[in-house]
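What follows is the residue order along each chain.
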Amino acid sequence: MTDSERHQMRQESRTATPPRPPDPEEIDDAAVIARSRYEPERFAVLFARHAPALKRYVIRRLGQDPAEDIVAETFTLAFQRRGSYDPAYGDARPWLYGIATNLMRRRRRQEISMYRALSRTGTDPVVEPFTDEVDRRVTADGQRRRLAAALAGLSRPYRDALLLVTWGDLNYEQAALALGVPVGTVRSRISRARERLRRALGGMDPAIESEGKIG
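Before going into details, it helps to say that this report is about the structure given with it. (Residues numbered from 1 in each chain as written. Predicted model: local features only at pLDDT ≥ 70, side-chain atom pairs only at ≥ 80, totals over all residues. Heavy atoms only, no water.)

Examining the nonpolar core
Across soluble globular proteins, you tend to see nonpolar side chains buried next to one another. For clarity, the cut-off: Definition used in this section: a nonpolar core is a set of buried Ala, Val, Leu, Ile, Met, Phe, Trp, Tyr and Cys residues joined via side-chain atoms within 4.5 Å. Residue exposure (1.4 Å probe, protein chains only): buried if accessible area is under 20% of the type maximum, exposed if over 50%, otherwise partly exposed. The numbering of helices and of strands both runs from the N terminus, where a helix is a DSSP run of H or I of at least 4 residues and a strand a run of E of at least 2. Should any heavy atoms of two residues lie within 4.5 Å, those residues are considered in contact.
Leu54, Tyr57, Val58, Trp95, Leu162 and Leu164 are the most contacted members of the largest nonpolar core, which totals 47 residues. Put simply, the parts of the chain that give this core at least two residues each are α2 (29-36), α3 (43-62), α4 (64-80), α5 (93-104), α8 (142-153), α9 (156-166), α10 (172-179) and α11 (183-200). With residues near it in sequence (within four places) discarded, valine 58 still touches Gly63, Ala67, Ile70, Val71 and Met104.

Put into structure tokens, the structure is as follows:
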């Protein structure tokens, strides 16, 4: 390279516009977490992305009152543990839902009590305030009561796996990550849980598909 070419390259490097740093809103969760290790305020991006859906999930399982505490504690623990996050996973939802699931286990009795209340009254304390009179007449029926009773009767591992997929919108692989078990275990638990729900409903399909919803 000639002196003239070197001089030209130096001049171009001085005048070139530096590349724009990536916007945290445009990068995946793993990158946000990595940046938050030296820019802690970046962790707020993760909260904005996932807290609303996580809160809806917790509300659906425990009711309105505990949801704020569970979500807040989930993100507090996630922030404290962010240094150990595996950057191979660009989507942090399994990690967050796994933390929340562990926290909800402390409130197992509260969750069971809510399902049992629904099985007795047909009134869903979570959905009821947000539905109109027609919806209430349609959904507050015997099938909903039997389904709630069946959910109350499921063992915790079966219920966690089933609801992470159906209410948490995770796939089997993500649910396995959240629970820290092999994906085959998740498939087995969900299959057995569905079979128990079908028996509780007298053989009726509870409208639970692989990525579907309950209720």
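And the narrative resumes.
Points about the pattern of salt bridges
Cut-off, in case you're wondering: A pairing counts as a salt bridge when a side-chain nitrogen of Lys or Arg comes within 4 Å of a carboxyl oxygen of Asp or Glu.
Using the criterion set out here, one finds eleven salt bridges in the structure. One salt bridge in this structure joins aspartate 29 and arginine 49, with 2.7 Å as the shortest N-O distance. Taken together, the residues aspartate 29 in helix α2 and arginine 49 in helix α3 connect sequence positions 20 residues apart. One continuous salt-bridge network, built from bridges that share partners, spans Arg61, Arg105, Arg156 and Asp160.

Thoughts on α9
Summarising burial for α9: nine of the eleven residues are buried, a large majority. Burial in α9 covers these residues: Tyr158, Arg159, Asp160, Ala161, Leu162, Leu163, Leu164, Val165 and Thr166.

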